[in-house]
Amino acid sequence: MLPSKQTYSTPNSLLKSNYPIVFRRFLLHFSRDLTPGNRAEFKFWCKGQIPGSKLDINPENDEDFLGLIEFLLEFNAVSLTNLSLLEEFLITVGSHDLLQSLKQVELQISLSGILEGYIKSVIHLRHGTPVKLARDQASVSKFLLAIKEINKELISPVLNRQLEQVEDDSVVLQVIKSPLLKTSSLSWSKFTSYLVFIGEFYASFSWPRNQIPDVVADGHFRSLFSDTKTCELLTEWMLKNGGLEAFQEFIKEKQQTTISESVSSSNGECLKEIIERLGNRIDLQ
């Protein structure tokens, strides 16, 4: 079990509102990149999604158009887990660049949510408290925890040693933000192992004595990770290799085989490689 440090403060959340930076950044790009004609079409597209009085705007006015987006968020016509209104509109008007950006942001949010589920599972297990996760989070978290458990003799000693070398959580954040592997060398096994290590690093964050980990607000870790270069590169690779559906299918196939075959052989070797690269990177900091 990893040591529970209590001497440093938890990193501040990147959130200044209820939405991750990567999500808000996309909404700004969406607003700026649409042509005046597209903006007018989007206003029409939103009919029936929010009260008609909220559509009494000039779509060419930046403030009015951003206000329209805020109303869509307020009425849950657009949310972190449902971007279909934007996606269908972009498909209809043929805005392929924005559509590709939307798909990646959607995947960054989904992957970060999955990772947050794993981190919470690790933290709650460490403190002996129950945790409730969404169904999709629970399935992946269970699989990642199995990988960690089978390979604990490989993971724990090396990870503990590396964490002892860092002075505060900001160094851990820098490790997470700096990609360890070239995406050209990734496979689903390496990808999965990578998530285990990222999750373990986040779960190692220090906590003030008056703040226990199981009261951290939902979305905290999702916001931290979704805006990193590591998350961006991983989701780019995912999009080229079947996306979230392919990842879930990989997990399903592995869960249908024996744990020793699926975890120890393939993921164990990947973990060794990542540990070595991780150690070298920390030594250079």
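It should be noted that the structure appears before, not after, this text.
Residues numbered from 1 in each chain as written. Predicted model: local features only at pLDDT ≥ 70, side-chain atom pairs only at ≥ 80, totals over all residues. Heavy atoms only, no water.

**A short note on the pattern of salt bridges**
Side chains that differ in charge, positive against negative, can pair when their charged atoms come close.
Right, on to step 1. The final tally for this structure, using the stated rule, is 5 salt bridges.
Right, on to step 2. Ionic pairing is found between Asp-62 and Arg-39, a salt bridge with its closest N-O pair at 2.9 Å. Taken together, the residues Asp-62 in helix 3 (residues 62-74) and Arg-39 in helix 2 (residues 36-45) connect sequence positions 23 residues apart.
Right, on to step 3. Residue classification places Asp-62 among the partly exposed residues on the basis of a relative accessible area of 48%.
Right, on to step 4. One salt bridge in this structure joins Glu-200 and Lys-148, with 3.3 Å as the shortest N-O distance. Here the residue Glu-200 occupies a position in helix 9 (residues 188-203), and Lys-148 occupies one in helix 6 (residues 135-150), the gap between them amounting to 52 residues.
Right, on to step 5. Taking the relative accessible area as the measure of exposure, Glu-200 reaches 1% and is therefore buried. (Salt bridge = Lys/Arg side-chain N within 4 Å of Asp/Glu carboxyl O. Helix = DSSP H or I, 4+ residues; strand = E, 2+ residues; numbered from the N terminus. Buried < 20%, exposed > 50% of the residue type's maximum accessible area, 1.4 Å probe, protein only.)

**As for the packing of helix 1 (residues 21-33) against helix 4 (residues 84-93)**
Right, on to step 1. Contact geometry of helix 1 with helix 4 gives a least axis separation of 13 Å together with a crossing angle of 35°. Judged by the twist between their axes, the crossing of helix 1 over helix 4 is left-handed. Of the residues in helix 4, those in contact with Phe-26, Leu-27 and Phe-30 of helix 1 are Leu-86, Phe-89 and Leu-90. (Axes fitted to C-alpha atoms, helices over the stretch in contact; angles between N-to-C directions. Left-handed = near helix turned anticlockwise from the far one by under 90°. Contact = heavy atoms within 4.5 Å.)

**A look at the environment of Glu-41**
Right, on to step 1. Position of Glu-41 among the secondary structure elements: in helix 2.
Right, on to step 2. Placed 48 residues apart in sequence, Glu-41 and Phe-89 show a C-alpha to C-alpha distance of 8.8 Å.
Right, on to step 3. When residues no more than four places from it in sequence are discounted, the contact partners of Glu-41 are Phe-89 and Val-93.
Right, on to step 4. At 2.9 Å, the side chain of Glu-41 and the side chain of Asn-38 are in polar contact. (Polar contact = N/O pair within 3.5 Å; in protein donor to acceptor, adjacent residues only side chain to side chain.)

**Quick word on the packing of helix 4 against helix 5 (residues 96-127)**
Right, on to step 1. At a minimum axis separation of 9 Å, helix 4 and helix 5 run at an interaxial angle of 155°. Classified by the interaxial angle, the pair formed by helix 4 and helix 5 is roughly antiparallel. Crossing of helix 4 over helix 5 shows left-handed handedness. Contact residues: helix 4 offers Leu-86, Glu-87, Leu-90 and Ile-91, while helix 5 offers Leu-98, Leu-99, Leu-102, Lys-103 and Glu-106.
Right, on to step 2. Residue classes in the contact of helix 4 with helix 5 are distributed as 6 nonpolar, no polar and 3 charged. (Parallel < 35°, antiparallel > 145°, perpendicular 65-115°, else oblique. Nonpolar A, V, L, I, M, F, W, Y, C, P; charged D, E, K, R; others polar.)

**Looking at the nonpolar core**
Right, on to step 1. Counting residues in hydrophobic clusters, the biggest one holds 40 residues, and the most contacted among them are Phe-191, Tyr-202, Phe-225, Met-238 and Phe-247.
Right, on to step 2. Sorting the residues of this core by element identifies helix 5, helix 6, helix 7 (152-164), helix 9, helix 10 (220-226), helix 11 (229-240) and helix 12 (243-255) as the ones contributing at least two each.
Right, on to step 3. It is helix 9 that contributes the most residues to this core, 10 residues altogether.
Right, on to step 4. Every residue in contact with Met-238, bar those within four places of it in the chain, is listed here: Leu-107, Leu-111, Trp-188, Phe-191, Gly-243, Leu-244 and Phe-247.
Right, on to step 5. Listed in part, the 29 residues of the second largest apolar core include Leu-27, Leu-34, Leu-72 and Leu-83. (Core = buried A, V, L, I, M, F, W, Y, C linked by side-chain atoms within 4.5 Å.)

**Quick look at the environment of Met-238**
Right, on to step 1. Considering the arrangement of structural elements, one finds Met-238 in helix 11.
Right, on to step 2. Given the relative accessible area of 0%, Met-238 is considered buried.
Right, on to step 3. Residues Met-238 and Ser-187, 51 residues apart in the sequence, show an inter-C-alpha distance of 9.8 Å.

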